[in-house]
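# Survey of secondary and tertiary structure
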Amino acid sequence: MSAEWGYLPSNGPATWAATYPIANGHKQSPIDIVTAHTTHKTYLPHLKLKYHPSDSIALLNNGHTIEVTFVDDANTSTLTGGPITGTYRLAQFHFHWGSSDDHGSEHTVNKAKFPAELHLVHWNGKYPSFKEALNHPDGVAVVGVFLKIGAANPNLQKILDNVAAIQTKGEQISFPNYDAHTLLPHSLEFWTYGGSLTTPPLSECVTWIVLQDPISVSSAQMAEFRSLKFNAAGETACCMQDNYRPTQNLSERKVHRSTL
Ligand SMILES: CCCCCOc1ccc(S(N)(=O)=O)cc1
Ligand SMILES: [Zn+2]
């Protein structure tokens, strides 16, 4: 198996357990959300996402996805409310997508797949760093947003207009003043469950908050995501696509919903 994990047959999700045995754990993500089996949790507060555009730093190709990073050394861009206690800081957001528009999301809803999924990654400010937060079951909270084929999304376009500059692994550009709030749907109703990172190290430290409403993306925009490359400059070109993990067993877990 090639050293670095990825999404190819040689280093993809089926191979990860060899290096990250937690891959076979009982709180792994993503999952299929069976809506009829979700239970309404009473007194779940509303989700509060307060994002400062001035906190955005860079847009990068990390060889697995395209990511926007944020200043997270203070409680400025934060997630509070919903199923979590305390204040979680936005560290980055990134995407997962398929090689065609009929698949690509990590979570599925009643087995339905979306062409892509956005992950807004937050970590619990009671810990000294994101890395330390990975060691705790209440360390990380990821807001997942499905992308659904429809009208072109101008807020996604502000990101996609820069893919030519970050084609290959390790490339990054300065990306100031990006308002992550513009990537959220109108409704913040959600499903929530306890799970893991969906990529190595697959730590079981994540409170998942999956929004029930999608945002739009056009088919042409999906093609722009697929124009990115997994490989570094000078290496054999390998389109960045199908960078999603298949759904994992729910085991004994329950999925709650914010809606009645
Ligand atoms: C030692 C550093 C590890 C960095 C890994 O961070 C991650 C990995 C996966 C996710 S995801 N797809 O579950 O949202 C979020 C953050
Ligand atoms: Zn992700």
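The structure contained in this document is the topic of the report that follows. As the structure is a prediction and not an experimental result, all values here were calculated from the model.

### Examining the pattern of salt bridges
Counted according to the given criterion, the structure contains two salt bridges. Residue D101 is joined to R226 by a salt bridge in which the shortest nitrogen-to-oxygen separation is 2.7 Å. Placement of the pair is D101 in the loop between β7 (88-97) and β8 (108-109) and R226 in the loop between α3 (219-225) and β15 (256-257), with a sequence separation of 125 residues. When the shortest N-O distance is used, the salt bridge between D138 and K126 registers 2.8 Å. One end of the pair, D138, is in the loop between α1 (130-133) and β10 (140-149); the other, K126, is in the loop between β9 (116-124) and α1, and twelve residues separate them in sequence.

### Digging into the coordination of the zinc ion (ligand 2)
Think of it this way: four donors in a tetrahedron around the metal ideally sit 109.5 degrees apart, and six in an octahedron ideally sit 90 or 180 degrees apart. The protein atoms that coordinate the zinc ion (ligand 2) are H94 (NE2), H96 (NE2) and H119 (ND1), at distances spanning 2.0 Å. Every donor counted, the four donor atoms about the zinc ion (ligand 2) form angles of 99 to 116 degrees at the centre, which fits tetrahedral coordination. By relative accessible area, H119 is classed as buried at 1%.

### Side note on the packing of aromatic side chains
Throughout the structure, instances matching the rule amount to eleven aromatic pairs. Judged by centre distance (4.9 Å) and plane angle (40 degrees), the rings of W97 and F225 are tilted. Linking W97 in strand β7 with F225 in helix α3, this pair joins segments that are 128 residues apart in sequence. There is no split in this pair, since W97 and F225 are both buried. Taken together, F70, F93, F95, W97, F175, Y178 and F225 form an aromatic cluster joined through their ring pairs.

### Considering the site of ligand 1
Near ligand 1 you find 13 residues, and of these H94, H96, L197, T198 and T199 are the closest. Contact distances for ligand 1 include 3.3 Å between a nitrogen atom and a side-chain N or O atom of H96. In the model, a nitrogen atom of ligand 1 is placed 3.4 Å from a nitrogen or oxygen of the H119 side chain. Here ligand 1 loses 77% of its free accessible area of 430 Å² to cover by the protein chains. A majority-of-atoms criterion places ligand 1 in the largest pocket. When contributions to the shell around ligand 1 are tallied by element, the ones reaching two or more residues are β7 and β9. Take the shell around ligand 1: its biggest share by element is three residues, from β7. Residue composition of the shell around ligand 1, grouped by class: seven nonpolar, six polar and no charged.

Rules used throughout
- Residues numbered from 1 in each chain as written.
- Chains lettered and ligands numbered in written order.
- Predicted model: local features only at pLDDT ≥ 70, side-chain atom pairs only at ≥ 80, totals over all residues.
- Heavy atoms only, no water.
- Salt bridge = Lys/Arg side-chain N within 4 Å of Asp/Glu carboxyl O.
- Helix = DSSP H or I, 4+ residues; strand = E, 2+ residues; numbered from the N terminus.
- Donors = N, O, S within 2.8 Å, 3.2 Å for Na, K, Ca; no water.
- Tetrahedral: all angles 85-135°; square planar, octahedral: opposite > 155°, others 65-115°.
- Buried < 20%, exposed > 50% of the residue type's maximum accessible area, 1.4 Å probe, protein only.
- Phe/Tyr/Trp six-rings, centres within 6.5 Å; stacked < 30°, edge-to-face > 60°.
- Near = heavy atom within 4 Å.
- Polar contact = N/O pair within 3.5 Å; in protein donor to acceptor, adjacent residues only side chain to side chain.
- Areas by Shrake-Rupley, 256 points an atom, 1.4 Å probe, with all protein chains shown as cover.
- 1 Å grid on protein atoms, 1.4 Å probe; cavity = no way out; pocket = protein on both sides within 12 Å on 5 of 7 lines; lining within 4 Å.
- Sits in = over half its atoms within 2 Å of the grid points.
- Nonpolar A, V, L, I, M, F, W, Y, C, P; charged D, E, K, R; others polar.

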